[in-house]
Amino acid sequence: MYDIIYIGGGLNYAGAIMAAKKGLKVALIEKDMKQLGGVCLHKGCIPSKMLLHYALTAHQSKNPMFEGSISLNMKTLVAKKDKLIASATKAVTSQCKDIDLIEGEGIIKEAYKVSVKDRVYEAKHIVIGTGSSPYIPKGIDYDAQNIITSDEVLNLQKLPKEICIYGVGAIGLEMASFFASNGVKVRLLSRGEGLQKKAHALIQKEMKTQLEYMDIHLLQNHNIIKAVSKSNEVIISLENQDDIHTPMLLVCSGRKPNLSVIQTKEIKIEKGITTNEYFESSLKDHYAIGDCNAKLQLAHAARAEVINVTQKILGKRVPVLDLSTVVQFIHTLPMSVASIGQTPSDTQDLCEGVVKLNAFSASNFHEAKNGVMIVYTDKDKKIVGAEILAPDAEELIAPIAMALAGEMDTGLASKTIMAHPSFAEALERVYFRI
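Residues numbered from 1 in each chain as written. Predicted model: local features only at pLDDT ≥ 70, side-chain atom pairs only at ≥ 80, totals over all residues. Heavy atoms only, no water.

## Concerning helix α4 (residues 74-95)
To keep it simple, the criterion reads: Each helix corresponds to a stretch of at least 4 residues labelled H or I by DSSP, and each strand to a stretch of at least 2 residues labelled E; elements are numbered beginning at the N terminus. Each residue after the first adds 1.5 Å to the expected span of a helix. Under the scheme applied here, a residue whose accessible area is under 20% of the maximum for its type counts as buried, over 50% as exposed, and between as partly exposed, the area being computed with a 1.4 Å probe on protein chains only. Directions drawn from the helix axis to the C-beta atoms are what define this arc. Only heavy atoms enter the contact rule, under which two residues are in contact if any of them lie within 4.5 Å. Between N or O atoms, a polar contact is any pair within 3.5 Å; within protein, one atom must be a potential hydrogen donor and the other a potential acceptor, and residues adjacent in sequence are included only when both atoms are from side chains.
With 22 residues, α4 ought to run about 32 Å at 1.5 Å a step, and its terminal C-alpha atoms sit 31 Å apart, in line with that. Among the residues making up α4, those that are buried are M74, L77, V78, K81, I85, T89 and V92. Across the axial projection of α4, the buried residues extend over an arc of 105 degrees, all falling on one side. Pointing more than 90 degrees away from the buried face of α4 are the exposed residues K75, T76, K83 and K90. In the core, the buried residues of α4 are packed alongside α1 (12-21), α2 (38-43), α3 (45-60) and α6 (170-181). N-cap assignment for α4: the residue whose side-chain oxygen lies 3.2 Å from the backbone N of K75 is N73.

## Focus on the pattern of salt bridges
Any two side chains of opposite charge can pair, so long as their charged atoms come close to each other. Note the threshold: Counted as salt bridges are all cases of a side-chain nitrogen of Lys or Arg within 4 Å of a carboxyl oxygen of Asp or Glu.
Inspection of the entire model under this criterion finds nine salt bridges. A salt bridge links K124 to D3, with the shortest nitrogen-to-oxygen separation between them at 3.4 Å. Highlighted residues: K124 in strand β6 (residues 119-128) and D3 in strand β1 (residues 2-7), separated in sequence by 121 residues. What makes K124 partly exposed here is its relative accessible area of 45%. In this structure, D98 and K97 form a salt bridge, with 3.3 Å as the shortest nitrogen-oxygen distance.

## Thoughts on the side chain of T343
With respect to the helices and strands, T343 occurs in the loop between β19 (336-341) and β20 (351-356). In this structure T343 comes out as buried when scored by relative accessible area, which is 6%. One polar contact links T343 to S345, side chain to side chain, over a distance of 2.8 Å. Each residue touching T343, except ones within four places of it in the same chain, is listed here: K198, L350, Y376 and E387.

## Regarding the sheet that holds strand β14 (residues 244-246)
Just so we agree on the cut-off: Here the rule is simple: two strands pair whenever DSSP picks up at least two bridges between them. Only the stretch in contact is used when a helix axis is fitted, and all axes are lines through C-alpha atoms; the angle between N-to-C directions ranges over 0 to 180 degrees.
With antiparallel pairing, three strands are arranged side by side in an open sheet as β12-β13-β14. The strands lining the two open edges of the sheet, one partner per strand, are β12 (224-230) and β14. Across the sheet, the mean angle separating the axes of adjacent strands is 20 degrees when strand polarity is ignored. Bridge analysis of strand β13 (residues 233-238) against β14 gives three bridges, and the strand direction is antiparallel. Directly across from I235, in β14, lies its bridge partner H245.

## Considerations on the sheet that holds β19
Consider a sheet: its strands pair through backbone hydrogen bonds, and that pairing is either parallel or antiparallel. Spatially, five strands are ordered β18-β19-β22-β21-β20 in an open sheet, and the strand pairing comes out antiparallel. Only two strands of the sheet have a single partner each, and these edge strands are β18 (328-330) and β20. Taken pair by pair, the neighbouring strands of this sheet meet at an average axis angle of 10 degrees, ignoring direction. Of the pairings in the sheet, the one linking strand β21 (residues 372-377) to strand β22 (residues 383-390) comprises six bridges and is antiparallel in character. Within β22, the residue paired with T377 across the bridge is I383. Each of β20, β21 and β22 touches helix α12 (residues 425-432); the most contacted strand, β21, lies at about 45 degrees to it.

## A closer look at the packing of aromatic side chains
Applied cut-off: Planes of paired rings set the category: under 30 degrees apart is stacked, over 60 is edge-to-face and the rest tilted, where pairs are Phe, Tyr or Trp rings (Trp by its six-membered ring) whose centres lie within 6.5 Å. For a ring to carry a charge above it, either NZ of a lysine or CZ of an arginine must fall within 6 Å of the ring centroid while also lying within 35 degrees of the normal to the ring plane.
One pass over the full model with this rule turns up one aromatic pair. Between F178 and F179, the ring centres sit 5.2 Å apart and the planes meet at 70 degrees, which makes this aromatic pair edge-to-face. Overall, the relative accessible area of 1% leaves F178 in the buried class. Here R191 stacks its cationic end above the ring of Y166, 5.6 Å away from the centre of that ring. Geometry around Y278 places K312 over its ring, the cationic atom sitting 5.7 Å from the centre.

## Description of empty space enclosed by the protein
So the rule is basically this: Buriedness of a pocket was judged along seven lines, with at least five required to meet protein on both sides within 12 Å; pockets are open sets of points on a 1 Å grid over the protein atoms alone, cavities are sets where a 1.4 Å probe fits but cannot get out, and lining residues have an atom within 4 Å of a point. Grid points are joined across faces, edges and corners, and a volume is the space filled by probe spheres set on the points. Residue polarity follows a fixed list, in which Ala, Val, Leu, Ile, Met, Phe, Trp, Tyr, Cys and Pro are nonpolar, Asp, Glu, Lys and Arg are charged, and the others, Gly among them, are polar.
Scanning all chains against the criterion turns up one cavity of 30 Å³ or more. In this structure, the largest cavity spans a volume of roughly 60 Å³. L173, S177, L195, M207, Q210, L211, M214, I216, T332 and L333 together form the lining of the largest cavity. Within the residue set of the lining of the largest cavity, elements represented by two or more residues are α6 and α7 (201-213). Ranked by the residues each element gives to the lining of the largest cavity, the list is headed by α7, at three residues. Class assignment for the residues of the lining of the largest cavity results in seven nonpolar, three polar and no charged.

## Description of the nonpolar core
Rules: Within this scheme, the nonpolar core is defined by two criteria: the residues are buried Ala, Val, Leu, Ile, Met, Phe, Trp, Tyr or Cys, and they are joined through side-chain atoms within 4.5 Å.
Counting residues in hydrophobic clusters, the biggest one holds 75 residues, and the most contacted among them are I165, F178, F179, L250, V375 and I400. Excluding anything up to four places from it in sequence, F179 contacts V153, L156, L159, P160, I163, I165, V184, V186 and L250.

## With respect to the layout of surface pockets
In this model, the second largest pocket occupies a volume close to 330 Å³. Looking at the second largest pocket, it is lined by 18 residues, and the ones nearest its centre are L56, P334, H366, P391 and D392. For the lining of the second largest pocket, the leading source of residues is α3, giving four residues.

## Things to note about the pairing of β1
What counts here: We call a crossover right-handed when, viewed with the strands running away from us, the connection from the first strand over the helix to the second turns clockwise.
β1 sits mainly inside the fold: six of its six residues count as buried. The parallel pair β1 and strand β2 (residues 26-30), bridged by α1, forms a crossover whose chirality is right-handed.

## Remarks on the state of the cysteines
The following threshold applies: Any pair of cysteine sulfurs within 2.5 Å is marked as a disulfide.
For the structure on display, the rule yields one disulfide. Sulfur-sulfur distance for the disulfide between C40 and C45 comes to 1.8 Å. Negative torsions about the S-S bond denote left-handed disulfides, and the value of about -130 degrees found for C40 with C45 makes this one left-handed. C96 forms no disulfide, and the closest cysteine sulfur to it belongs to C40, at a distance of 15 Å. Cysteine C252 is unpaired, with the sulfur of C164 as its nearest cysteine sulfur at 12 Å.

Right under this line is the structure:
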């Protein structure tokens, strides 16, 4: 009998480590212990951001200020990436020294019991964190070679001369930036119109401008009905459009929660595992965190959720997590986009302050002339949200995230003197414009 069983070795491990340090008897079940740390570490945010980091250098080298040319050595980069991940996995494993690590697929068939192969483990509490997998739309003949997903794109040994990317979410936009920065011809296929439809109209406009600047060809209303790989090329059949022939198709059509763990009707499933505000499922003492609850598919959200759940199990009074105050961002190049809190897509009753980055000289050499910073407040000038398009927007939004946590108004926030020259100075200006 365990105090807690955690199913899934992604960000779940953070909760397992916390519980074990408090003296609880803890088990963590993971299908493949080589993947301990989850998708973020092995197939997601860590390796993708590493590739984008080096892609930015390749992109910047094309500036007329430089002579000659450079190209990314994918074999060297992938090897460096693999070494980094192996080191990080080893570090995570060492932190789990007081946890029973059980390899295999965990299945819940009845309350408080988890089946793994031929054994059944019992616990007072069960925390499900099985993550998500790439979604392959019907008609696309995925082969992991010419038709690939984010799982394979991070292990390419050689860059194609051209690529089609299907999907304009975070993964599609980031990978479009990566390939375009390395001189690959990129066609970005969107099922509908526009980009980031919940974003401020100005940010939507400037994101399209950045795609054009990066020579990424956005093809809107290009819905794939069939895609097959033949003779080292992919033939893409589109709805009401001519076929496209391409060496490679990267499918970025979203991710689906991994729900095979649930084999009992006592745990309700809708888009994901249904939970209350404390991430408890319809079955008492059974929780679901991260991608499998389909609330917010972000690693840092999953970590916050599992810590919240673990603290609750430990008997601490925990607040209800406000997932709207979790930073969301897309690491495109040369500018990324980030948002937090309330925006006009949530409510129209907001005041906004807008500062364009072309007001700052540094925008000229940071490729940020089309950048923008927007901060939202309520009628009492309390800061409630923000959207940023800028180099390293995910870092720039951190002070606003702290302002939300501290329930600051613009009067108090404007007392901060930002460094010069920096894009953080735009915060000073935007507070005075609301």
